[in-house]
Amino acid sequence: MLTVGQSLPDFAGEVLLPNGEFAPFKLADQKGKWVVLFFYPLDFTFVCPTEIKAFNQLQSEFAKLNTVLVGASVDSVHCHKAWTENGLGKLSFPLIGDLNRELAQGCGVLAPEGFSHRATFIANPEGVIESVSINSSNVGRSAEETLRLLQALQQGGLTACGWEPGQPLLKVA
């Protein structure tokens, strides 16, 4: 699995855009912005929509932080579209279709069963990973904690456990 200090893979694929259209997508085109790339196992499942909806509610907060928020699973963009139109609802960020599993393999999060683990990568504007987390497919992650981690990373200093925006950075004596 990719880890802190490594670069996100040079991935090029297709996404479902918020307007319901399909478009090409390259991680390299996101340079200059922070990236939150989160993988979820599969469309039309039980835990995944709870996370995706939580990220969707916070998308404007991520955008204020010069951050591209993008979800990914091993489903096709056509499956993503069917799911958003028949259950999940409208999203305000793109979903990567990783049907050939290139991105999941490149990030090291492809499960032996063929779906992606529930993983989150936060990369800085140079595309270098600053944070990685991975959960069992049975356990949802916190979109709020991902946002807090991004805010802490963007401070450029030492943040204490439980640091919240507006709190001071730790000082080195």
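Residues numbered from 1 in each chain as written. Predicted model: local features only at pLDDT ≥ 70, side-chain atom pairs only at ≥ 80, totals over all residues. Heavy atoms only, no water.

**Q** Could you give an account of the overall build of the protein chain, with specific residues and numbers?
**A** Along the protein chain, the regular secondary structure elements total 4 helices and 7 strands. Start at the N end of the protein chain and walk to the C end: the helices and strands fall as β-β-β-α-β-α-β-α-β-β-α. What you see for the protein chain is a C-alpha radius of gyration of 16 Å, in line with the 16 Å of a compact globule of 173 residues. Across its three principal directions, the C-alpha atoms of the protein chain cover 55 × 30 × 30 Å. Buried positions account for 46% of the 173 residues belonging to the protein chain. For the protein chain, contacts bridging at least 24 residues in sequence account for 66% of all contacts bridging at least 6. Within the structure as shown, the protein chain displays about 8400 Å² of accessible surface, and the carbon and sulfur contribution to it stands at 54%. Placing the 12 positive and 17 negative side-chain charges of the protein chain at their respective mean positions leaves the two points 4 Å apart. (Helix = DSSP H or I, 4+ residues; strand = E, 2+ residues; numbered from the N terminus. Rg over C-alpha atoms; globule rule 2.2 N^0.38 Å. Buried < 20%, exposed > 50% of the residue type's maximum accessible area, 1.4 Å probe, protein only. Contact = heavy atoms within 4.5 Å. Areas by Shrake-Rupley, 256 points an atom, 1.4 Å probe, with all protein chains shown as cover. Lys, Arg positive; Asp, Glu negative; His and termini not counted. Charge placed at Lys NZ, Arg CZ, Asp CG, Glu CD.)

**Q** Lay out the environment of Phe11 with the relevant residues and their values.
**A** With respect to the element layout, Phe11 can be found in the segment before strand S1 (12–16). Taking the C-alpha atoms as reference points, Phe11 and Gly97, separated by 86 residues in sequence, lie 12 Å from one another. Excluding residues within four positions of it along the chain, Phe11 makes contact with Phe25, Lys26, Leu27, Ile96, Asp98, Glu102 and Leu103.

**Q** Got a sec to walk through the packing of aromatic side chains? Specific residues and values, please.
**A** Considering all chains together, one arrives at 7 aromatic pairs under this definition. Note on Phe38 and Phe93: the rings are 5.7 Å apart at their centroids and 65 degrees apart in plane angle, and the pair reads as edge-to-face. Of this pair, Phe38 sits in strand S3 (residues 34–39) while Phe93 is found in the loop between helix H2 (77–88) and strand S5 (95–97), placing the two residues 55 residues apart along the sequence. On the basis of an interplanar angle of 75 degrees and a centroid distance of 6.1 Å, the ring pair of Phe39 and Phe121 is categorised as edge-to-face. Here Phe39, found in strand S3, pairs with Phe121, found in strand S6 (residues 118–123); they are 82 residues apart in sequence, far enough to count as distant. The same class applies to Phe39 and to Phe121, which are both buried. Counting every residue linked through ring pairs, the aromatic cluster contains Phe38, Tyr40, Phe44, Phe55, Phe62, Trp83 and Phe93. Sitting over the face of the ring of Phe22, Lys81 holds its NZ or CZ atom 5.7 Å from the ring centroid. (Phe/Tyr/Trp six-rings, centres within 6.5 Å; stacked < 30°, edge-to-face > 60°. Lys NZ or Arg CZ within 6 Å of the ring centre and 35° of its normal.)

**Q** Now, about the nonpolar core: what can you tell me, with residues and values included?
**A** Leu8, Leu37, Phe39, Ile96, Leu103, Cys107 and Phe121 are the most contacted members of the largest nonpolar core, which totals 22 residues. For this core, the secondary structure elements donating two or more residues are strand S2 (22–26), S3, strand S4 (67–73), helix H3 (102–107) and S6. With sequence-adjacent residues up to four places away left out, Leu103 is seen in contact with Pro9, Phe11, Leu27, Leu37, Phe39, Ala72, Ile96 and Asp98. (Core = buried A, V, L, I, M, F, W, Y, C linked by side-chain atoms within 4.5 Å.)

**Q** Could you give an account of the pairing of S3, naming the residues involved and the relevant values?
**A** Of all 6 residues that make up S3, 6 are buried, and the element is covered over most of its length. Taken together, the 6 bridges between S3 and S4 define a ladder with parallel strand orientation. Residue pairing for S4: Val36 is matched across the bridge by Leu69. Direction of pairing for S3 relative to S6: antiparallel, over a ladder of 5 bridges. Residue pairing for S6: Val36 is matched across the bridge by Ile122. (Pairing = 2+ DSSP bridges.)

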